[in-house]
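# Summary of the model geometry
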Amino acid sequence: MGDKNQRTRSKRVFVNDADGYSSRHIAESPSRDELLERLLECDVVVYNISENATQEQIEEATWAITTLHSEMESFKSRKMFILVSTVMTWALIKPQTRGEPEVLPTEEEYRQRRPHPKFMKHYNLEKLVLKLGRSRKSKLHGWVVAAGLQYGKGENLFHYFFKVSWLMQLPEVPIFGQGENYIPMIHVYDLAGVIQNLVHLKPKSKYILAVDDSKNTLEDIVMRISDVLGPGKMNKVAEQEATATKAFKPEELEYLGIDLRLDALIIKDSFELSWVSEAGIFENMEHIVEEYKDARQLCPIRVCLVGPPAVGKTTVAEKLCAHYRLHHITIKDVVEEKITQLKEIVNGEPEHVSEEEVDAAREQLENFIKRIEMNTDQLVDHQVVDILQEKLSSKLCMNQGFVLDGFPETYEQAKLIFSEHVFALNASDDFLTKRVQGLQEDVVRKTCKTQGEFLPRLVRFRQLSGADETVLDYFDVLEIHPEHIEVSTDDPEYTDVLNKITEMVGVPRNYGLSPEDQEEENRRQEEERKQKLTVEAAERTRRNEATLAEMAAQFEEWQKNLSEVRRQEEEQLEARALPLRNYLMKYVMPSLTTAMLECSQIKPEDPVDFLAEHLLRGNQQD
């Protein structure tokens, strides 16, 4: 009874590096402040160094087991120390001789394991844990779990292959090297289950292999990822390309280069595992892909834009695609793409195409061309829908999503199309007509908005919108209620429309830019910023120079005007002074001149008084 209570008693568990890929799926760890105190409080200590462990993490794990062993006498109860290591410490185990019966290594041969040269520290730490936690009377018991390469819940080492497949930017998923090596693996949730069983069962065996039943090569795995998620093709490239293209770090390639098959007997025979992926990643790829999308929040966004001609559907669609990194789908582009694809098959451009496929493509292409000629460059409705459904069902659109521009137009067409978000742009006929009239001629021809084309299209749209059953009615039935947005201004950026749509759709659910692309984007933005500053500085200089030139011209003009005013004033003064001068010369200057001459000869003491008396006498005589 006491043993049962002891077994069911809740335990405090410490897990290092809780933010790491696999650790966060095992448990959460407390803060590392006062680490020893926390370790002493815990019943179970788990150190995970299985993948991408740093030197500091290995040293910390070594310190932890050593310190706990030295503090063992102060333990109030027994403690468990679990080291989650890696099968890389088995990488160089003696290979099986050809011709011998296929007997795979198990935990029983753990003493014969030989590590990869880069994983000697892992190997030495495994031996230390087994050594210090071996004594029966010891209050500290140690176990080593050698985990296979982990997958699931967003991926870690295999993330590159998932991402390249999901993005579909390459026609073939690259695999670096031959890929013929066998990789022992385990789902992260199954690894968590192994550790949980170990805590509860405390098996006698101190060394446990944690691998699933899969025996797949790297080539098998990558091809399976490409089939389920990507283009369905794979391309073998030189291993050096992995680091040259920054697809993998050298230490990650060491994991992916392991060539090893193991048999985990203990977890099969003694543990009570609720397997998530017992058969392995290959057999459960569809489920693993869904986990990957969910963990990475890679949800496709499917948008449908409808509205009258010239309302701005294509411009809005292009901007939405740029914002959410979606695919812009128009009927014209899809049909042209399909015809081009059929022509390539007929011409034998794709390799490994059977004669039956070529004959079928030729027949379909001839049918398309015949229909287009009969219907004035248009296919019949069901052919268009078939081509569109094929496009929307492609992995490119299924993975990332799309913006469907101007389709469907009828209720029947809408039945064959699935969309999550439907936006109906609308505007008055008068507004649309004036907008088309204001377009440049080359834009009008390119977008088929000449007067003879635009008006019939507008009339047809209004007729379809007034039908008993419309496109929007169908989506209402599905409870995908269309959002109506009125377009009433000639904003070329459609700012208000885009703000409303993005608010309803939400944040992007796609991969952002890669570090290299982000660096390039930052560089481009910096160049644009510098260029903008240069242009603004040049414009300020130009405005300043223009202002100075204008001020100089104004000053020069003012100087000219001032000189002219002065000249005119002088002329006026001259004209006014002439009569007075004549009067003085005739009546005043003769008498004054005589008086001054006489004054100069006599030199009186008071010359002014002399002059005054002289002039007075002269005036009396006259």
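Refer to the structure presented above.
Every chain is numbered independently, its residues counted from 1 as its sequence is written. Per-residue local features are limited, in this predicted model, to residues with pLDDT of at least 70; the limit for side-chain atom pairs, both in listing and counting, is 80 or more; totals at the level of whole chains, interfaces and linings are taken over all residues. Calculation of side-chain values draws on the structure's entire complement of heavy atoms; hydrogens and water are dropped beforehand.

## Here's the deal with the sheet that holds strand β11 (residues 327-329)
Strands pair, by our definition, only if DSSP identifies at least two bridges between them. Strands are runs of DSSP state E lasting at least 2 residues, helices are runs of H or I lasting at least 4, and numbering of each runs from the N terminus. Sheet architecture is open: 5 strands sit in the order β11-β12-β10-β13-β14, paired in parallel fashion. At either margin of the open sheet sits one strand with a lone partner, and together these are β11 and β14 (483-486). Going from strand to strand, the sheet's axes swing by 20° on average, the running direction of each strand aside. The criterion used for residue contact is that any of the two residues' heavy atoms lie within 4.5 Å. Note on method: axes are straight lines fitted to C-alpha atoms, helices fitted across the in-contact stretch only, with angles between N-to-C directions ranging 0 to 180 degrees. Across the sheet, helix α22 (residues 495-505) is in contact with β10 (301-306), β13 (421-426) and β14; its angle to β13 comes to roughly 165°.

## Things to note about the pattern of salt bridges
Salt bridges, as used here, are contacts in which a Lys or Arg side-chain nitrogen is within 4 Å of a carboxyl oxygen on Asp or Glu. For the coordinates displayed, the defined rule picks out 23 salt bridges. Close ionic contact of Lys319 with Glu493 constitutes a salt bridge, the shortest N to O distance being 2.9 Å. On the criterion of sequence distance, the pair formed by Lys319 in helix α12 (residues 313-324) and Glu493 in the loop between β14 and α22 is long-range, its members being 174 residues apart. Only protein chains enter the accessibility calculation, which uses a 1.4 Å probe. A residue is then buried if its area is under 20% of the maximum for its type, exposed if over 50%, and partly exposed in between. According to the relative accessible area criterion, Lys319 is partly exposed, its value standing at 28%. With a shortest N-O distance of 3.1 Å, Arg435 and Asp490 are connected by a salt bridge. With Arg435 in helix α18 (residues 429-437) and Asp490 in the loop between β14 and α22, this residue pair connects regions lying 55 residues apart in the sequence. Residue Arg435 is classed as buried on the basis of its relative accessible area of 11%. One network of salt bridges, in which partners are shared, links Asp213, Asp263 and Lys268.

## Regarding the nonpolar core
We call a set of buried Ala, Val, Leu, Ile, Met, Phe, Trp, Tyr and Cys residues a nonpolar core when their side-chain atoms join them within 4.5 Å. Counting 90 residues, the largest nonpolar core has Phe81, Ile82, Leu149, Phe158, Phe161 and Phe162 as its most contacted members. If we ignore the near neighbours within four places in the chain, the residues touching Phe81 are Val45, Tyr47, Ala61, Ala64, Ile65, Leu68, Val129, Leu140, His141, Gly142 and Trp143. Listed in part, the 27 residues of the second largest apolar core include Tyr324, Phe423, Val487 and Val497.

The quantities given are spatial measurements derived from coordinates; they are silent on function.
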